[in-house]
Amino acid sequence: MSLDLSSLNYAQIDAVTAIDENILIIAGPGTGKTQTLAFRTAYLIRSKDVSPASIIAITFTNKAAQEMRERVSNLLCNECNTADIWIGTFHSLGLAILREEGHRVGLRPDFLILSESEQIELVKSVLSDTLPKEPLIRAKRWVQRLSERKNHTFSSQSVSDLPDILFSAYEHRLEELNLIDFDDLILKPLILFKENPEVRDTCRNRFCHLLVDEYQDINNLQYQFLKELSGPAASLWVIGDADQAIYAFRGANVKHFLKFQQDYPDVRTIALKENYRSTRTILTSAQTVIAHNSDRIPHTLTSSASTGLPVHLLQAANDKAEARLVVKEIEKLIGGIRMESSFEGSDSFGFNEIAILYRLHHISRFFSEALKQSGIPYQVVGGVSSQPDSAMEYVVPFLKTLLNPHDDLSFSAILQAMDNKFDRTTITQLLDLARDREGSLYQIFHSPKIDGLLDPYRIDSDHKLLSFLHRMQKEMLAISLRELIATICQGLNLNMPLEDENHPWWFLLTEPFSDGPAHDQLPEFLETVALLKEGETYNSKAEAVTLMTVHAAKGLEFPVVFMVGLESGIFPCTEFGEGPSDLEEERRLFYVGMTRAKKRLYLSCSQSRHLFGENREAAPSSFISEIPPEMITVVPDHKSAKAKKIPAGKQRSLFT
DNA sequence: CTGTCGTCACTTTTT
DNA sequence: GTGACGACAG
């Protein structure tokens, strides 16, 4: 029985059934990218008799991988075992390879993956050894540079100045501790492939069909890795949209998408041009904006939807007024509005159909306050404040210490987490002492003579800590992982009830590891956790207005979207970092934001904004002026008449 | 070694 | 406006 493709349009069918060697699918926003990818996978199995085990589908998140597996499974009516298909991220693939063959690149079998915070801590400790004059506050920058450096391992491109001494010391420490960072998950398999062609060929022989999602966000290492993985006999099918590449700050390079046609022979390029999401006005506005970019493959999206309402522009005198204005509009939308004469104008929306998107988390503050005041339910996705010191940050180092007490990195993380009883200087001293004695921190704590460094007050709390550790080490042989975590949380005074429905994430996460004592489940559990980001995930069912960054909104859609804080300096964001910011990337981000909207798009800005402890004046974002003026309507602000209204026709002269 | 004060930095974050 | 770091005084 062949797969029913009747729900697809011509371009999608083309993409699903293409038999060419290498295929590039350009899938603009709302064109059914995920569907096409799932259909392609199912089609290969069902209609082309491809063995599931010879297919590899690479997604960018574990969540996407999961969804993908479900969709394919549904399309195949659960007939075939989709577990045979390799669906996962580059990183999980790399990890799988390293678990099997890691010894070939010098890894001991029980290596662990460094978390982001651990990486920063490690760099700080390496930094004080190698470049003592460098302030530790810039450790994050160094982490970024180390990552860049690894990212360019096999490329001619030169990298920003990173002292070799720092790099080699960092690498040496990783090796010593049997740790690898996220980049190593790609880099080491890549090296492994290059040095052991027979391993590479085993992989090549297994995977004949390679499907890659979000190809525009691939980085140099992933690109090279994919090249190694796809042998001459392989068929490479990649999908993405260069206009939605917004992860350059993490090393993603949209150039790889743009040069796909030169990189691979016999490429067939198919563009999905039909947008099923937005009104024509929204789509055209967004496309007019993105057309200002030059690093792209020009293509025009069409929509059979109605014209819809114009893009609404709100302008306020200050950030508080902006928030009030937005909330006032939301109230109208909820209540069902009859202001506009068109049919669309009489819609009313549910809370979960509305999103407020911004460039920077800080922007959300006034909006959540205003929403709270109006009694409108809302959820803020991400941000620092929303996860009060994510319990994960405390529990994981603890678990790691239980598994390996001599893991100084984890042990010092515990010490730092303990109510500031140990500051960095003390820990550094203890670490130095440990190194002098060629032992671990843990051993130092067991030795009687550290009086000079630790006052009685501290020693008291140490004893508590140590006896707690010892107790846990014993108990983990008997109790379940979930019980162990619960006990640790209790011991650390962490408020994290595992069974609480507010934390289903923890509950679900520990679920697969509930068999047998914690001790046996721990290694695998830690591995799973290392590849997962806790991120407060967006709940589409919650009856609440959603507040999040444009980055976080990628891949989502909402009937109503408010893009707020649209001021020069903020969006495009030029405030931070060392080098010049990439205007084209910011514009892509703006485009991603606009194209989240299905029916209504509101843009709002403020003349002044309180940010980083000072009031800043700013002009409206230059991106607003890139929208055709006739597609914009200015929503008058009755309350603050002082706010200058900018007539649509005059906009162009006021910007840039 | 410890406490205090001035300074500097602050994006976005699928892994 | 915050929080972490580093310099300096005690």
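See the structure printed just above.
Being a predicted model, the structure only gives us computed values, none of them experimental. (Residues numbered from 1 in each chain as written. Chains lettered and ligands numbered in written order. Predicted model: local features only at pLDDT ≥ 70, side-chain atom pairs only at ≥ 80, totals over all residues. Heavy atoms only, no water.)

> Give me the nonpolar core: which residues, what numbers.
Among the nonpolar cores identified, the biggest contains 46 residues, and Y215, L226 and L229 are the most heavily contacted of them. Here this core takes six residues from helix α8 (residues 184-195), the largest share from any one element. Once you skip the residues sitting within four places of it in the chain, L226 turns out to touch I58, F90, L210, V212, Y215, I218, L236 and Y264. (Core = buried A, V, L, I, M, F, W, Y, C linked by side-chain atoms within 4.5 Å. Buried < 20%, exposed > 50% of the residue type's maximum accessible area, 1.4 Å probe, protein only. Helix = DSSP H or I, 4+ residues; strand = E, 2+ residues; numbered from the N terminus. Contact = heavy atoms within 4.5 Å.)

> I'd like a description of the sheet that holds strand β3 (residues 86-89), backed by residues and values.
The strands making up a sheet associate through backbone hydrogen bonding, with each pair oriented either parallel or antiparallel. Read across the open sheet, the six strands follow the order β3-β2-β6-β7-β1-β8; overall the sheet is parallel. At either end of the open sheet lies a strand with only one pairing partner, and these are β3 and β8 (267-272). On average, adjacent strands in this sheet sit at an angle of 15° to one another, irrespective of strand direction. Strand direction decides the pairing type here: strand β2 (residues 55-59) and β3, joined by four bridges, are parallel. Along β3, the bridge assignment pairs I58 with G88. Relative to β8, helix α1 (residues 10-17) is tilted by about 150°, and along the sheet it contacts β1 (22-27), β7 (235-240) and β8. Packing against the sheet, helix α10 (residues 220-229) makes contact with β2, β6 (209-212) and β7, and its axis sits at approximately 165° to β6. (Pairing = 2+ DSSP bridges. Axes fitted to C-alpha atoms, helices over the stretch in contact; angles between N-to-C directions.)

> Give me the environment of S622: which residues, what numbers.
Turning to its location among the elements, S622 is positioned in the loop between β17 (614-617) and β18 (632-635). As for S622 and F571, which are separated by 51 residues in sequence, their C-alpha atoms are 8.5 Å apart.

> A description of the pattern of salt bridges should follow, citing residues and the corresponding values.
As enumerated under the stated definition, the model contains 32 salt bridges in all. Where E557 meets R277, a salt bridge forms, and the shortest distance between an N and an O atom there is 2.8 Å. Of the two residues, E557 sits in the loop between α24 (550-553) and β15 (558-563) while R277 sits in the loop between β9 (274-275) and α13 (280-290), which places them 280 residues apart along the sequence. Judged by relative accessible area, which is 36%, E557 ranks as partly exposed. Accessibility expressed as a relative area gives 13% for R277, which makes it buried. Here E557 ties to K598 by a salt bridge, and the two come within 3.2 Å at their closest N and O atoms. Of this pair, E557 sits in the loop between α24 and β15 while K598 sits in strand β16 (residues 597-611), and the two are 41 residues apart along the sequence. A relative accessible area of 28% means that K598 is categorised as partly exposed. Ionic contacts of the salt-bridge type, sharing partners, join the residues K33, D213, E214, D217 and K554 into one network. (Salt bridge = Lys/Arg side-chain N within 4 Å of Asp/Glu carboxyl O.)

> Account for empty space enclosed by the protein, naming residues and giving values.
Here the idea is plain: a probe the size of a water molecule rolls over the atoms and shows the empty space left. Enumeration according to the criterion identifies one cavity of 30 Å³ or more in this entry. Size it by volume and the largest cavity reaches roughly 30 Å³. Every residue along the wall of the largest cavity is listed here: R99, L112, I113, K400, L526, E527 and A530. In terms of residues, the lining of the largest cavity owes the most to one element, helix α23 (residues 518-531), which gives three residues. Its residues assigned to classes, the lining of the largest cavity shows four nonpolar, no polar and three charged. (1 Å grid on protein atoms, 1.4 Å probe; cavity = no way out; pocket = protein on both sides within 12 Å on 5 of 7 lines; lining within 4 Å. Points joined across faces, edges and corners; volume = space filled by probe spheres on them. Nonpolar A, V, L, I, M, F, W, Y, C, P; charged D, E, K, R; others polar.)

> Before we move on, can you summarise α1 with the specific residues and values?
Turning to α1, its buried residues are Q12, A15 and V16. In an axial view of α1, the angular spread of the buried residues amounts to 95°, which keeps them on one side of the axis. Buried-residue contacts for α1 involve β1, α2 (33-46), β7 and β8. Where α1 begins, one side-chain oxygen reaches toward the backbone nitrogen of A11, 3.1 Å away; that side chain belongs to N9. (Arc of directions from axis to C-beta. Polar contact = N/O pair within 3.5 Å; in protein donor to acceptor, adjacent residues only side chain to side chain.)

> Break down the packing of aromatic side chains for me, with residues and values.
Tallying each qualifying case throughout the model produces 14 aromatic pairs. Judged by centre distance (6.4 Å) and plane angle (70°), the ring pair of F90 and F225 falls under edge-to-face. With F90 in helix α4 (residues 90-101) and F225 in helix α10, this pair connects stretches of sequence that are 135 residues apart. For the pair formed by F90 and F225, the shared burial category is buried. Measuring from ring centre to ring centre gives 5.4 Å for F513 and F525, while their planes differ by 80°; the resulting arrangement is edge-to-face. (Phe/Tyr/Trp six-rings, centres within 6.5 Å; stacked < 30°, edge-to-face > 60°.)

None of the figures reported here should be taken as evidence of function without further support.
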